[in-house]
Amino acid sequence: MAMKNTFTPPEDREVFQLDLEVRPEDIDMNGHVNNVIYVRWLQDVGTAHWLSRMTPQDRDPWSWVVVRHEIDYRAPLRLGEQARARTWVGTPHGPRFDRFVLIERGDGTLCAQGHTDWAMVDAKTMRPARITPAMIAAFIKDSSGT
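Every chain is numbered on its own, with residues counted from 1 as its sequence reads. Predicted model: local features are reported for residues with pLDDT of at least 70 only, side-chain atom pairs are reported and counted for 80 or more only, and whole-chain, interface and lining totals are derived from all residues. Excluded from the side-chain calculation are hydrogens and water; included are all heavy atoms of the structure.

Caption draft 1: The arrangement of the nonpolar core in detail. The nonpolar core is taken to be a set of buried Ala, Val, Leu, Ile, Met, Phe, Trp, Tyr and Cys residues, with the residues joined through side-chain atoms within 4.5 Å. Here the term buried applies to any residue with accessible area under 20% of the maximum for its type, exposed to any over 50%, and partly exposed to those in between, with areas from a 1.4 Å probe on protein chains only. Within the largest apolar cluster, 18 residues are counted, with the highest numbers of intra-cluster contacts made by V33, Y38, W41, L77 and I103. Considering each element in turn, this core owes the most residues, six residues, to helix α1 (residues 35-53). By definition in these notes, contact holds between two residues if any of their heavy atoms fall within 4.5 Å. Residue contacts for V33: discarding those within four places in its chain leaves V22, D26, I27, D28, Y38, W41 and L77. Of all hydrophobic cores here, the second largest spans 14 residues; its members include W118, M135, A138 and I140. Starting at the N terminus, helices and strands are each numbered in turn, a helix being any DSSP run of H or I of at least four residues and a strand any DSSP run of E of at least two.

Caption draft 2: Region of interest: the environment of R86. Relative to the elements of secondary structure, R86 occurs in strand β3 (residues 83-89). We classify R86 as partly exposed; its relative accessible area is 22%. C-alpha of R86 to C-alpha of G46: the two residues are 40 residues apart in sequence and 9.4 Å apart in space. If near-sequence neighbours (up to four positions away) are discounted, R86 is found in contact with V15, F16, Q17, F100, V101, L102 and E104. Polar side-chain contacts of R86 include one of 3.0 Å to the side chain of E104. Polar contact is the term for a pair of N or O atoms within 3.5 Å; when the atoms are in protein, one must be able to donate a hydrogen and the other to accept it, and sequence-neighboring residues count only if both atoms are side-chain atoms.

Caption draft 3: Structural view of the pattern of salt bridges. One speaks of a salt bridge when a side-chain nitrogen belonging to Lys or Arg is within 4 Å of a carboxyl oxygen belonging to Asp or Glu. Following the criterion strictly, the structure yields 11 salt bridges and no others. Close ionic contact of E14 with R53 constitutes a salt bridge, the shortest N to O distance being 3.3 Å. In this pair, E14 is assigned in the segment before β1 (16-20) and R53 in helix α1, connecting sequence segments 39 residues apart. E14 gets classed as partly exposed once you look at its relative accessible area, which sits at 21%. The shortest N-O distance in the salt bridge between R105 and E81 comes to 3.4 Å.

Caption draft 4: Representation of the sheet that holds β3 within the structure. A strand pair is defined by DSSP finding two or more bridges across the two strands. Spatial ordering of the open sheet is given by β1-β3-β4-β5-β2, a layout of five strands whose pairing is antiparallel. Only two strands of the sheet have a single partner each, and these edge strands are β1 and β2 (62-73). Within the sheet, the average angular offset between the axes of one strand and its neighbour, ignoring direction, is 25 degrees. Summarising the sheet, β1 and β3 pair through five bridges and their orientation is antiparallel. Between the N-to-C directions of two axes lies an angle of 0 to 180 degrees, each axis being a line fitted to C-alpha atoms and, for a helix, fitted only over the stretch in contact.

Caption draft 5: Representation of the environment of C111. On the secondary structure map, C111 appears in strand β5 (residues 110-122). Residue C111 is classed as buried on the basis of its relative accessible area of 0%. Linking C111 and I136, residues 25 residues apart in sequence, is a C-alpha distance of 29 Å. If near-sequence neighbours (up to four positions away) are discounted, C111 is found in contact with Y38, D72, Y73, R74, A75, P76, L77, I103, E104 and R105.

Caption draft 6: Region of the structure containing the side chain of T109. Here T109 lies in the loop between β4 (96-105) and β5. In this structure the side chain of T109 is engaged in a polar contact, spanning 2.8 Å, whose partner is the side chain of D107.

Caption draft 7: Just the packing of aromatic side chains, in detail. A pair of aromatic rings is counted whenever rings of Phe, Tyr or Trp (Trp by its six-membered ring) have centres within 6.5 Å, and the orientation is called stacked for planes under 30 degrees apart, edge-to-face for over 60 and tilted otherwise. Evaluation of the coordinates by the stated rule reveals eight aromatic pairs. Residues W50 and W64 carry aromatic rings whose centres are separated by 5.4 Å and whose planes lie at 80 degrees to one another, so their mutual orientation is edge-to-face. Taken together, the positions of W50 in helix α1 and W64 in strand β2 put the pair 14 residues apart, joining distant regions of the chain. Like W64, W50 is buried. With a centroid separation of 6.1 Å and an interplanar angle of 20 degrees, the aromatic rings of W88 and F100 are classed as stacked. Linking W88 in strand β3 with F100 in strand β4, this pair joins segments that are 12 residues apart in sequence. Taken individually, W88 and F100 each receive the classification buried, so the pair is uniform in this respect. Put simply, the rings of W50, W64, F97 and F139 touch in pairs and so form one group of aromatic residues.

Structure representation (structure tokens):
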């Protein structure tokens, strides 16, 4: 029986999906995907979502740094299984945007869920920068940008 996730995207959030590849080097001595790989996947799907929604011109002045990752492991993923990640953003606060991720098998079984707190920084100075209204609008439907 598949476990239920505790993250549900608000109706005004775009949910982005990324297929994941379970590679032989991802498998640990217990025969399933190692926990470190899930951290990589949280970062990969968040980055892919950002790249898909922002033009190079709009994103080049900025960079993102992780402030915190939280992951709950629910079911193992093994070599040969299909996997996907679904992600959406939370509510922006100044330079911070939290992001939620569900990692599921191809059959819909929840394998892990994660929450990452990201902070946007100026790419040149690496100082925190407020998330712009245009960025908010790119990820939140009908956003006023506030």
